[in-house]
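Examination of the molecular architecture
Letter by letter, the chains look like this.
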Amino acid sequence: MTDHVHLNLFTMASVEHVSPGSWTYPGDRSPEYTDTAYWTEVARTAERGGFEAVFFADVRGIYDVYGDDREAAIERAVQTPANDPQLVVPAMAAVTDELGFAVTRSTTYTHPYQLAREFSTLDHLTDGRIAINVVTSYLASAAENLGLDERMEKTERYDRADEFLDVCYALWEDSWTDDAVERDREAGRYTDPKQVTPIDHEGEHFSVPGPHGCEPSPQRTPVVYQAGSSDRGREFAAANAEAVFASQPTEEGVREYMTDVRSRAAAYGRDPDSLRFFIGVVPIVGETRELASAKHAEYARHVDVEATLALLSGFLDMDLSELDPDQKVEHIETDAIQGTMNAFTRSQPDREWTVREVAEFCGLGTTSPTIVGTPEHVADELAYWHEEVGVDGFNVKEVVRPDSLADFVDLVVPELRERGLVPPADADSPGDTLRERLLGEGSPRLRADHPARESSD
Ligand SMILES: Cc1cc2nc3c(=O)[nH]c(=O)nc-3n(C[C@H](O)[C@H](O)[C@H](O)COP(=O)(O)O)c2cc1C
């Protein structure tokens, strides 16, 4: 566990992320997601508040599982429309110095040579402040739009993701030596060709001879984030992730998840304590308890239940419109997001959830705990998760944008700083890159015990 908490803003380059209906709240500025000025303001506020990174979720396809129809998703802005998050990053990086950016990318619908180039570019342009959240995508509609007849099943998606990252690691870590770039004007030699080698990858899904087309960027491999919760997803996280998003809504679930992924990571020869675990939280804060409760009630009034069901139907790959609202949610092994399913069927063995209860709970931030109260109360809760449960950081989920972020920065962060849980604004940073800030170690490179380094050194 790190000595202070790491804060990410969990957002999406779209009208709605995980609080369906909140864009209808008076004063919410989510529809400005199409404006550069909106994102540069968010970046400045997040940096002022000691956030380590802005974490962009992203999705391919449209949420059309609910009612077997895309109408609800389109009408109610269920993560649609959404822009490509990675294109927003350079503008945000240009107005900040230390803020990092975690961008979600799917290994199912792109090619590793292409993605490696994009992230090397982003790492250069941000001076080493970039992370990738590796996902395999869950909506069948994405597959149909991207050249496949149907969605690949999960095991195959993860097999492809394994090979995908192997190719990327080889391009990022092995293809160019540290001394390859000489920039020798007199000799007219920019790069020593002997120090740039092919990767000669021939696999089941990809054939990539290389070499990489970009010179080494500050971190080479971007910081790797993952949020897998199925057995296969946990294994993938253990082998690859430097930061892991634990999506369980209960303390027991989070503890079990962290212990399990850490022990799987040890089996790959990694120091299990080097993995950083984040949970999502939905803080709703007011100067007094009454003000916070009133704000919560107002936010809850704007929850769009039908949009929430459309979102969850996509997460679960289960058409919730077919179920009676008072029907109990039964566990299934889903080909979509197992973590969302487990949240309601596995994480509290004694609790049964009806469809209605799930929709009400998820309307504000989906499966993450909502913390309503004064700055002191929110800080107490975060301190508990950090000090007692052992999580390293929080993905702060917004309800109203950008007010939820501003509330957190102006009210909660001073309290966290007061308690030493967030470093002061003028504190020395462990390094210039996102990886150095996340791991607190003096190297921008992947740790030597990461499987990608072991194969390359
Ligand atoms: C908290 C959380 C956030 C996620 N964010 C995204 C996302 O932005 N885009 C996406 O395509 N998948 C996202 N996923 C899906 C996964 O990373 C993973 O691919 C999916 O959950 C299927 O694997 P699993 O059943 O092992 O979790 C997220 C999952 C969780 C639990």
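See the structure printed just above.
Below: a short report on this structure. (Residues numbered from 1 in each chain as written. Predicted model: local features only at pLDDT ≥ 70, side-chain atom pairs only at ≥ 80, totals over all residues. Heavy atoms only, no water.)

Attention now moves to the overall build of the protein chain. The helix and strand tally for the protein chain stands at 16 helices and 13 strands. For 457 residues, the compact-globule estimate of 2.2 N^0.38 gives 23 Å, and the C-alpha radius of gyration of the protein chain, at 22 Å, lies within 12% of that figure. Considered along the principal axes of its C-alpha atoms, the protein chain spans approximately 70 × 55 × 40 Å. Out of the 457 residues belonging to the protein chain, those deemed buried represent 58%. Within the protein chain, contacts between residues separated by at least 24 positions form 76% of all contacts whose residues are at least 6 apart in sequence. Entry remark: accessible area of the protein chain is about 18,500 Å², with carbon and sulfur atoms responsible for 46%. (Helix = DSSP H or I, 4+ residues; strand = E, 2+ residues; numbered from the N terminus. Rg over C-alpha atoms; globule rule 2.2 N^0.38 Å. Buried < 20%, exposed > 50% of the residue type's maximum accessible area, 1.4 Å probe, protein only. Contact = heavy atoms within 4.5 Å. Areas by Shrake-Rupley, 256 points an atom, 1.4 Å probe, with all protein chains shown as cover.)

Next up on the list: the site of the ligand. Inspection of the region around the ligand gives 19 residues, with Asp58, Lys154, Tyr158, Ser229 and Ser230 positioned closest. Between the ligand and lysine 154, the relevant distance is 2.4 Å, taken from an oxygen atom to a side-chain nitrogen or oxygen of the residue. In this structure, an oxygen atom belonging to the ligand sits 2.9 Å away from a main-chain N or O atom of serine 229. Of the residues assigned to the shell around the ligand, the class counts are 8 nonpolar, 9 polar and 2 charged. (Near = heavy atom within 4 Å. Polar contact = N/O pair within 3.5 Å; in protein donor to acceptor, adjacent residues only side chain to side chain. Nonpolar A, V, L, I, M, F, W, Y, C, P; charged D, E, K, R; others polar.)

Attention now goes to the packing of aromatic side chains. For the coordinates displayed, the defined rule picks out 18 aromatic pairs. Taking 5.0 Å as the distance between ring centres and 70 degrees as the angle between the ring planes, the aromatic pair formed by phenylalanine 10 and phenylalanine 55 counts as edge-to-face. A residue pair is termed long-range when its members are at least 10 positions apart, and phenylalanine 10 in strand E1 (residues 6–12) and phenylalanine 55 in strand E2 (residues 53–57) qualify at 45 residues. Looking at phenylalanine 55, the relative accessible area reads 1%, which means it is buried. Considering the side-chain rings of tyrosine 257 and phenylalanine 277, the 6.3 Å spacing of their centres and the 90 degrees angle between planes classify their relative orientation as edge-to-face. Note that tyrosine 257 is positioned in helix H8 (residues 251–267) and phenylalanine 277 in strand E11 (residues 276–285), a separation of 20 residues in sequence. Of the two residues, tyrosine 257 and phenylalanine 277, neither departs from the other in class, the shared state being buried. An aromatic cluster is defined as three or more aromatic residues linked by ring pairs; in this entry it consists of Phe10, Phe55, Tyr225, Phe245 and Phe278. Sitting over the ring of tryptophan 353, arginine 351 keeps its end group 3.7 Å from the ring centre. (Phe/Tyr/Trp six-rings, centres within 6.5 Å; stacked < 30°, edge-to-face > 60°. Lys NZ or Arg CZ within 6 Å of the ring centre and 35° of its normal.)

In a packed pair of helices, the relevant descriptors are the angle between the two axes and the axis-to-axis distance. Two numbers describe how helix H7 (residues 231–240) lies on H8: the axes approach to 8 Å, and their chain directions differ by 55 degrees. When the axis of H7 is compared with that of H8, the two are oblique. When you trace H7 past H8, the crossing you get is right-handed. Touching Asp231, Arg234, Glu235, Ala237 and Ala238 of H7 are Glu256, Tyr257, Asp260, Val261, Arg264 and Ala265, all from H8. (Axes fitted to C-alpha atoms, helices over the stretch in contact; angles between N-to-C directions. Parallel < 35°, antiparallel > 145°, perpendicular 65-115°, else oblique. Left-handed = near helix turned anticlockwise from the far one by under 90°.)

We now examine the packing of H8 against helix H13 (residues 375–389). It is at 12 Å that the axes of H8 and H13 come closest, and there the two elements cross at 40 degrees. Of the possible angle classes, the one that applies to H8 and H13 is oblique. As H8 runs across H13, the sense of the crossing is right-handed. Contact with H8, carried on its side by Glu251, Val254, Arg255 and Met258, involves Tyr384, Trp385, Glu388 and Val389 of H13 and no other residues of that element. In terms of residue class, the contact of H8 with H13 is made up of 5 nonpolar, no polar and 3 charged.

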